[in-house]
Amino acid sequence: MTLAAPRSTKNRRKFLNWAVIAGSALVCLLLLPMRLPGTELLGVRPNWLLIWVVAFSVKRTQLQGTIAGLALGLILDGMTASHPSHAVSLGIVGWLTARLYKLRFFQEDLISIAIVVFGMTLLYEAITALQHSLHGLRSLESIWETQHKAALCCAILSSLWAPVAYYPLHRWWRRLRALEQV
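Residues numbered from 1 in each chain as written. Predicted model: local features only at pLDDT ≥ 70, side-chain atom pairs only at ≥ 80, totals over all residues. Heavy atoms only, no water.

Caption draft 1: The arrangement of the overall build of the chain in detail. Looking only at helices and strands, one finds 6 helices and 0 strands in the chain. Rg of the C-alpha trace for the chain: 18 Å, near the compact-globule value of 16 Å for 182 residues, within the 12% margin. By residue count, 41% of the 182 residues in the chain fall in the buried class. Put simply, of all contacts in the chain between residues at least 6 apart along the chain, 69% involve residues at least 24 apart. Here the chain has roughly 10,800 Å² of accessible surface; of this, 68% comes from carbon and sulfur atoms. Computing the positive centroid from 18 side-chain charges and the negative centroid from 8, the chain places the two 17 Å apart. (Helix = DSSP H or I, 4+ residues; strand = E, 2+ residues; numbered from the N terminus. Rg over C-alpha atoms; globule rule 2.2 N^0.38 Å. Buried < 20%, exposed > 50% of the residue type's maximum accessible area, 1.4 Å probe, protein only. Contact = heavy atoms within 4.5 Å. Areas by Shrake-Rupley, 256 points an atom, 1.4 Å probe, with all protein chains shown as cover. Lys, Arg positive; Asp, Glu negative; His and termini not counted. Charge placed at Lys NZ, Arg CZ, Asp CG, Glu CD.)

Caption draft 2: Seen up close, empty space enclosed by the protein. Counted under the stated rule, the structure contains 1 cavity of 30 Å³ or more. In this structure, the largest cavity encloses a volume near 30 Å³. Lining the largest cavity, in full, are Ala55, Val58, Lys59, Glu108, Tyr166, His170, Trp173 and Arg177. For the lining of the largest cavity, the element with the most residues is helix H6 (residues 140-181), which contributes 4 residues. When the residues that make up the lining of the largest cavity are grouped by side-chain class, the tally is 4 nonpolar, 1 polar and 3 charged. (1 Å grid on protein atoms, 1.4 Å probe; cavity = no way out; pocket = protein on both sides within 12 Å on 5 of 7 lines; lining within 4 Å. Points joined across faces, edges and corners; volume = space filled by probe spheres on them. Nonpolar A, V, L, I, M, F, W, Y, C, P; charged D, E, K, R; others polar.)

Caption draft 3: Expanded view of a positive patch on the surface. Among the surface-exposed residues, Arg171, Arg174, Arg175 and Arg177 lie close enough to one another that they form a single positively charged patch. Assignment of secondary structure puts Arg175 in helix H6. (Patch = residues over 30% accessible without salt bridge, like charges linked within 9 Å, V, L, I, M, F, W, Y side chains within 5 Å. Salt bridge = Lys/Arg side-chain N within 4 Å of Asp/Glu carboxyl O.)

Caption draft 4: Broad picture of the pattern of salt bridges. Evaluation of the coordinates by the stated rule reveals 1 salt bridge. Its salt-bridge partner being Glu40, residue Arg35 comes within 2.7 Å of it at the nearest N-O pair. The exposed category is assigned to Arg35, whose relative accessible area is 54%. On the accessibility criterion, Glu40 (34% relative accessible area) is partly exposed.

Caption draft 5: How the structure looks around the state of the cysteines. Enumeration according to the criterion identifies 0 disulfides in this entry. Cysteine Cys28 remains unbridged, with the sulfur of Cys154 as its closest cysteine sulfur at 13 Å. According to the relative accessible area criterion, Cys28 is buried, its value standing at 4%. No disulfide involves Cys154; its sulfur sits 8.7 Å from that of Cys153, the nearest cysteine. Among the residues examined, Cys154 registers a relative accessible area of 5% and is labelled buried. (Disulfide = S-S within 2.5 Å.)

Caption draft 6: Layout of helix H2 (residues 48-57). Burial runs high along H2: 10 of the 10 residues are buried. Every buried residue of H2 is listed here: Trp48, Leu49, Leu50, Ile51, Trp52, Val53, Val54, Ala55, Phe56 and Ser57.

Caption draft 7: Summary view of the nonpolar core. Formed by 33 residues in total, the largest nonpolar core has its most connected members in Leu49, Leu50, Trp52 and Leu72. Elements supplying a minimum of two residues to this core: helix H1 (4-31), H2, helix H3 (62-79), helix H4 (86-102), helix H5 (110-134) and H6. If one sorts the elements of this core by residue count, H2 sits on top with 9 residues. Once you skip the residues sitting within four places of it in the chain, Leu50 turns out to touch Leu90, Val93, Val117, Met120, Thr121 and Tyr124. (Core = buried A, V, L, I, M, F, W, Y, C linked by side-chain atoms within 4.5 Å.)

Caption draft 8: View of the layout of surface pockets. Here the largest pocket is characterised by a volume of approximately 710 Å³. If you trace the largest pocket, you find 27 residues lining it, with Tyr124, Glu125, Thr128, Gln147 and Cys154 closest to the centre. Only H5 and H6 provide two or more residues apiece to the lining of the largest pocket. When residues of the lining of the largest pocket are assigned to their parent elements, the largest contribution, 8 residues, is made by H6. Looking at the lining of the largest pocket residue by residue, the class counts come to 16 nonpolar, 8 polar and 3 charged.

And the structure:
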């Protein structure tokens, strides 16, 4: 009888953690098409999915970060056109973020997260532009003429809004780890 209670509590925590992960990803998916006041600069909005992938990948393995990026990218591809694929760029962002934190290039604080989100947004936009070029949708010159300002605006906004998604998730996972150690 006493052995069932800890297992039940552990299963509840695991279920609740999965619910928080899925719920927060869903919120970021729903925020993507919304035009909220104060979140737009020159018609560009933050990339909420990229922010979520970075926040998720910080304390995860490279495989987990890649899978999270691929999964959200495929969901986004289902919501929008699949050319260029968002799964490729978000998968690379998840892998690289987990790799950077595994090698301890950055600490786990809000400023480091903002810097990583800024860099990953620029990488995401570069991969997207490369996919546009490879698919023959546009030339690199025309992409550079139109997208470099948008990419920079998106990177700035995403890095400024990153703590909004990162801090509650980080706090939740830190609390969950503390409960598991007890």
